[in-house]
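# A look at the structure
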Amino acid sequence: MSVNYAAGLSDYEHKGKCGLPERYDPPDVLAEKVSQLVDMVCESQYLVVHTGAGISTSAGIPDFRGPKGVWTLEQKGETPHFDTTFESACPSPTHMALVELERLGVVRYLISQNVDGLHVRSGFPRDKLSELHGNMFVEQCDKCGKQYVRDTVVPTMALRPTGGQCTQVKARGRCRGKLHDTILDWEDSLPERDLSLADEHSRQADLALVMGSSLQIVPSGNLPLLTKRRGGKLVIVNLQPSKHDKHADLRIYGYVDEVMSMLLNQLGLDIPAYSGPQPVLESPVRQRVTLKPLKNERITYALQNGDVQDRKDGLLEMVNCTQKEEAEERSAAQQEQEGRPQRTPG
């Protein structure tokens, strides 16, 4: 299915502010802000992440209110063009970075407004995820509530019957309830369980990290403020202005993939590779690891030169080079201990 799921929604006038100009922090400012973020993540004991459409644009899925967003173009009378489908889109570095941070017990919960299914397909555990606006790959039984994660997108939207039947086995046989999609239309209420858990974890958080969202849609856009009201901190990473910028303890104007790659780099962590859809229903109990930032100036300021696109294109290469150099250093030290000759540059 085309990634323009918005075309299947009903007409609605109040879509928020679209096409606001994007802003980019200069490289040295970005580096300093990411360093601050590293310290905040290391100090946090209950990090909750909020994600919007901006974290999926590098996967080929358009956002809604950006300069090339679906609704921005719609207001201009233009038709958006798409080069991918929901099934062929792969999780971005940001998606995979969140998987690693959850595995280490750093990210305690994830709240998403996205319907593209990339969090689930990346392997982020569903029991630590609230998908407030639904998931294109999920069907739900209208009788017992069981959900089914499919390999392809479901055929309907707006909580309509998909034509499937629930196969959940009960004491008296199969449930046989009717299945429907989980995609909300404009006037639909948010799923009660997902919203309740999102509210609960937002109140528990000592750090809320917002990425790729202008926070214009309520109630999901107001959830990070629950963390602030309980004395927690708020970080917003987004190129366009957001509704709650004035409440942010740290405001970063940059590509989310760039910021997350720099963050993990400075924590000495690798972003795991994506190896295909791998839904995880439930995660084991996590013992949070103790994080210690690598105060390495070469890493912190490696992206100070070049324009925005150059920095974006060269980011992953920088990460890989850093990891390669560290591996070579470890290998050289081991060879020296074992008395073997070492290869040196000619």
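In case you missed it, the structure is sitting above this.
The notes below deal with the structure included here. A quick note: this is a predicted structure, and the numbers were derived from the prediction, not measured. (Residues numbered from 1 in each chain as written. Predicted model: local features only at pLDDT ≥ 70, side-chain atom pairs only at ≥ 80, totals over all residues. Heavy atoms only, no water.)

### A short note on the nonpolar core
For the record, the criterion: By nonpolar core is meant a set of buried Ala, Val, Leu, Ile, Met, Phe, Trp, Tyr and Cys residues that side-chain atoms within 4.5 Å join together. Residue burial is assigned from relative accessible area. The probe radius is 1.4 Å, only protein chains are included, and a residue is buried under 20% of its type maximum, exposed over 50%, and partly exposed in between. Put simply, DSSP marks the helices as runs of H or I at least four residues long and the strands as runs of E at least two long, and each gets a number from the N terminus on.
One finds Leu37, Met211, Val235 and Leu263 to be the most contacted residues of the largest nonpolar core, which totals 38 residues. For this core, the secondary-structure elements that each account for two or more residues are α1 (27-43), β1 (47-51), α3 (93-103), β2 (107-112), β10 (207-211), β11 (233-237), β12 (250-252) and α7 (256-266). No other element matches α1, which puts eight residues into this core. Ranked by size, the runner-up nonpolar core spans 12 residues in total, among them Tyr46, Ile111, Leu184 and Leu223.

### Overview of the sheet that holds β10
For clarity, the cut-off: Should DSSP find at least two bridges between two strands, the strands are taken to pair. Only C-alpha atoms enter the line fits that serve as axes; for helices the fit covers just the stretch in contact. Angles between N-to-C directions range over 0 to 180 degrees.
With respect to topology, six strands assemble into an open sheet ordered β3-β2-β1-β10-β11-β12, the strand pairing being parallel. On the outer flanks of this sheet lie β3 (129-131) and β12, each paired with one strand and no other. The sheet shows a mean angle of 15° between the axes of neighbouring strands, direction not considered. Note: β11 against β12, three bridges, orientation parallel. Residue pairing for β12: Val235 is matched across the bridge by Leu250.

### What to know about the packing of aromatic side chains
We count it as follows: Only Phe, Tyr and Trp rings take part, Trp by its six-membered ring, and two of them pair if their centres are within 6.5 Å. Stacked means planes under 30 degrees apart, edge-to-face means over 60, and tilted covers everything else. Whether a charge sits over a ring depends on NZ of Lys or CZ of Arg being within 6 Å of the ring centre and within 35 degrees of the ring normal.
Counted by the stated rule, this structure contains one aromatic pair. Judged by centre distance (5.8 Å) and plane angle (50°), the ring pair of Tyr24 and Tyr255 falls under tilted. You can see Tyr24 sitting in the segment before α1 and its partner Tyr255 sitting in the loop between β12 and α7, a full 231 residues away along the chain. When the ring centre of Tyr253 is taken as reference, the NZ or CZ atom of Arg23 above it lies at 4.1 Å.

### Thoughts on the sheet that holds strand β5 (residues 147-149)
With antiparallel pairing, four strands are arranged side by side in an open sheet as β5-β4-β9-β6. Two strands in the sheet have a free side with no partner beyond their single neighbour: β5 and β6 (161-165). On average, adjacent strands in this sheet sit at an angle of 35° to one another, irrespective of strand direction. Where strand β4 (residues 138-141) and strand β9 (residues 178-181) come together, three bridges link them in antiparallel fashion. Along β9, the bridge assignment pairs Cys141 with Leu179.

### A look at the layout of surface pockets
Put simply, the test is: The pocket and cavity definitions rest on a 1 Å grid over protein atoms only: a 1.4 Å probe that fits but cannot leave marks a cavity, an open set with protein on both sides within 12 Å along at least five of seven lines marks a pocket, and residues lining either have an atom within 4 Å of a point. Grid points are joined across faces, edges and corners, and a volume is the space filled by probe spheres set on the points. Gly falls in the polar group here, along with every residue not listed as nonpolar (Ala, Val, Leu, Ile, Met, Phe, Trp, Tyr, Cys, Pro) or charged (Asp, Glu, Lys, Arg).
Computed from the structure, the second largest pocket encloses a volume of approximately 530 Å³. If you list the elements that add at least two residues to the lining of the second largest pocket, you get β3, β4 and α5 (192-204). The element that contributes the greatest number of residues to the lining of the second largest pocket is α5, accounting for three residues. Class assignment of the residues belonging to the lining of the second largest pocket gives a composition of seven nonpolar, eight polar and seven charged.

### A few points about empty space enclosed by the protein
Overall, the coordinates contain one cavity of 30 Å³ or more when judged by the stated rule. The space that makes up the largest cavity amounts to roughly 40 Å³. Lining the largest cavity are Arg121, Val149, Arg150, Asp151, Pro277 and Pro279. For the lining of the largest cavity, the per-class residue count stands at three nonpolar, no polar and three charged.

### A short note on the pattern of salt bridges
Rules: Salt bridge, as used here, is a side-chain nitrogen of Lys or Arg placed within 4 Å of a carboxyl oxygen of Asp or Glu.
Throughout the structure, instances matching the rule amount to eight salt bridges. In this structure, Arg203 and Asp199 form a salt bridge, with 2.6 Å as the shortest nitrogen-oxygen distance. Linking Arg203 with Asp199, this pair stays in helix α5, spanning four residues, or about one helical turn. What makes Arg203 partly exposed here is its relative accessible area of 34%. Of the charged contacts in the structure, one is a salt bridge between Arg251 and Asp245, with a shortest N-O distance of 2.6 Å.

### Remarks on unusual backbone geometry
Going from Val218 to Pro219, the amide bond is cis rather than trans, its omega being 10°. Take Pro219: it is sitting in the loop between β10 and α6 (223-229). We note that Ala158 has phi near 65°; this positive angle belongs to a residue other than glycine. Here Ala158 lies in the loop between β5 and β6. We note that Arg176 has phi near 65°; this positive angle belongs to a residue other than glycine. Position of Arg176 relative to the elements: it lies in the loop between β8 (173-174) and β9.

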